[in-house]
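Reading the structure
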Amino acid sequence: MQAEELHSKLSKKRLSKSEVNDLTNELLNYPELVLPLIQHVFQEEKEGVFMASWVLDHLLRKDLSLLLPCIDFFIAGLPEMQSDSSIRPMAHCCEMILVKVYEKKDSVYQKAISKGHKDVLLSTNFDWLIGPYRAATKVFAMTNVYYLGKDFDWVHPELTSVLQETLSEGSTAYQNRGSKILKRLAEESR
């Protein structure tokens, strides 16, 4: 597959879940197309569509390491995103990365994610958490802010405050994840 063919497949129409799965499986054989896919994510975002972001999310669920050669480009583009439909899968991709860094303590990801990357991820995810986004985006964002707070002293108290203020107004998913994070924060502060 070439970049032009990828662009054509993403531009035709809204992809069904099975088409996304088929394209994802095909892309596993073409790691050189991850950068064009990310470029497509950022271009689609400006156009108000989200097929590429959905494909990228599914691809990285299968092989997160495909993102590593493009990590700078990926993280640099996140703050410009505006569409909730595109941001939700990107917030999930951020969560997958941060789980590798903070929970799994995977040295490859720990080396790949610089202090500068963490700064961008933190400010972007905090904006997603407090911005006018749907619950799924906010759930991923709060988790990402929690992880990143392990490296920034001011974050956990601020996250605690935000969650305490917004928990009762959130969806069930928001309340469930927020309660779990508040519990973890309370345990860690002892």
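Note: the structure precedes this text.
Let me begin by describing the structure that accompanies this report. Within any chain, residue numbers begin from 1 and follow the written order of that chain's sequence. Totals for whole chains, interfaces and linings use every residue, but because this is a predicted model, local features are given only for residues with pLDDT of at least 70 and side-chain atom pairs only at 80 or more, for both listing and counting. For the side-chain quantities, the full set of heavy atoms in the structure was used; hydrogens and water were omitted.

1. Digging into the packing of helix 1 (residues 3-11) against helix 3 (residues 34-47)
When two helices pack together, their arrangement is captured by the angle between the axes and the distance separating the axes. Helix 3 packs onto helix 1 with a crossing angle of 35° between their chain directions and a minimal axis gap of 10 Å. The element helix 1 and its partner helix 3 pack so that their crossing is right-handed. Every residue of helix 3 that contacts helix 1 at A3, L6, H7, L10 and S11 is listed here: P36, L37, H40 and E44. For helices, the fitted axis covers only the stretch in contact; all axes are lines through C-alpha atoms, and the angles between them, taken along N-to-C directions, range from 0 to 180 degrees. Helical segments are the DSSP runs of H or I of at least four residues, strand segments are the runs of E of at least two, and each set is numbered from the N terminus. Take the far helix as the reference: if the near one is turned anticlockwise from it by less than a right angle, the crossing is left-handed, and if turned clockwise, right-handed. Residue contacts are defined here by distance: any two heavy atoms, one from each residue, within 4.5 Å place the two residues in contact.

2. Considerations on the pattern of salt bridges
Opposite charge on two side chains permits them to pair, given that their charged atoms come into close proximity. Salt bridges are identified by distance alone: a Lys or Arg side-chain nitrogen within 4 Å of an Asp or Glu carboxyl oxygen. Inspection of every chain in the model, using the stated rule, returns ten salt bridges. Where D84 meets R134, a salt bridge forms, and the shortest distance between an N and an O atom there is 2.6 Å. Taken as a pair, D84 in helix 6 (residues 84-103) and R134 in the loop between helix 8 (115-130) and helix 9 (135-148) lie far apart in primary sequence, 50 residues in all. A 1.4 Å probe rolled over the protein chains alone gives each residue an accessible area, and that area as a share of the maximum for its type sets the label: buried under 20%, exposed over 50%, partly exposed in between. By relative accessible area, D84 is classed as buried at 13%.

3. Here we look at the packing of aromatic side chains
Stacked, edge-to-face and tilted labels apply to pairs of Phe, Tyr and Trp rings (six-membered ring for Trp) whose centres lie within 6.5 Å, assigned for plane angles under 30 degrees, over 60, and everything in between, in that order. As enumerated under the stated definition, the model contains four aromatic pairs in all. Residues Y102 and Y147 carry aromatic rings whose centres are separated by 6.0 Å and whose planes lie at 5° to one another, so their mutual orientation is stacked. Here the residue Y102 occupies a position in helix 6, and Y147 occupies one in helix 9, the gap between them amounting to 45 residues. Summarising the burial analysis for this pair, Y102 and Y147 share the class buried.

4. Structural notes on the layout of surface pockets
Computed over the protein atoms alone on a 1 Å grid, cavities are sets of points where a 1.4 Å probe fits but cannot get out and pockets are open sets with protein on both sides within 12 Å along at least five of seven lines; a residue lines them when it has an atom within 4 Å of a point. Grid points are joined across faces, edges and corners, and a volume is the space filled by probe spheres set on the points. By volume, the largest pocket amounts to about 180 Å³. Lining the largest pocket, in full, are R14, F50, S53, W54, D84, S85, R88, P89, R134, A136 and T137. For the lining of the largest pocket, the secondary-structure elements that each account for two or more residues are helix 4 (51-62), helix 6 and helix 9. The dominant element in the lining of the largest pocket, judged by the number of residues it contributes, is helix 6, at four residues. Classification used: nonpolar for Ala, Val, Leu, Ile, Met, Phe, Trp, Tyr, Cys and Pro, charged for Asp, Glu, Lys and Arg, polar for all others including Gly. Here the lining of the largest pocket is composed, by residue class, of four nonpolar, three polar and four charged.

5. A few points about the nonpolar core
Judged by nonpolar contacts, the single largest core of 66 residues is most densely connected at L10, L27, L37, F74, M90 and W128. Contact partners of F74, with chain neighbours within four places excluded, come to I38, F42, L56, L67, M90, C93, C94 and I97. We call a set of buried residues a nonpolar core when its members are Ala, Val, Leu, Ile, Met, Phe, Trp, Tyr or Cys and they connect through side-chain atoms within 4.5 Å of each other.

6. Regarding helix 4
Structurally, the α-helix is built with 3.6 residues per turn, so residues lying three or four positions apart point the same way. Counted at 1.5 Å a residue, the expected span for helix 4 with its twelve residues is 16 Å, and the 17 Å between its end C-alpha atoms agrees. Of all twelve residues in helix 4, ten are buried, a share of seventy percent or more. Among all positions of helix 4, only M51, A52, S53, W54, V55, L56, D57, H58, L59 and L60 are buried. Buried-residue contacts for helix 4 involve helix 1, helix 2 (17-27), helix 3, helix 5 (71-77) and helix 6. A helix is expected to span 1.5 Å for every residue after the first.

7. Digging into the packing of helix 9 against helix 11 (residues 172-188)
Contact pair helix 9 / helix 11: the axes reach a minimum separation of 9 Å and the direction vectors enclose 10°. The angle between helix 9 and helix 11 places the two elements in the roughly parallel class. Residues K138, V139, M142, T143, Y146 and Y147 of helix 9 touch helix 11, and the partners they reach there are A173, Y174, R177, G178, I181, R184, L185 and E188. Throughout, the term roughly parallel applies to angles under 35 degrees, roughly antiparallel to angles over 145, roughly perpendicular to angles from 65 to 115, and oblique to all others.

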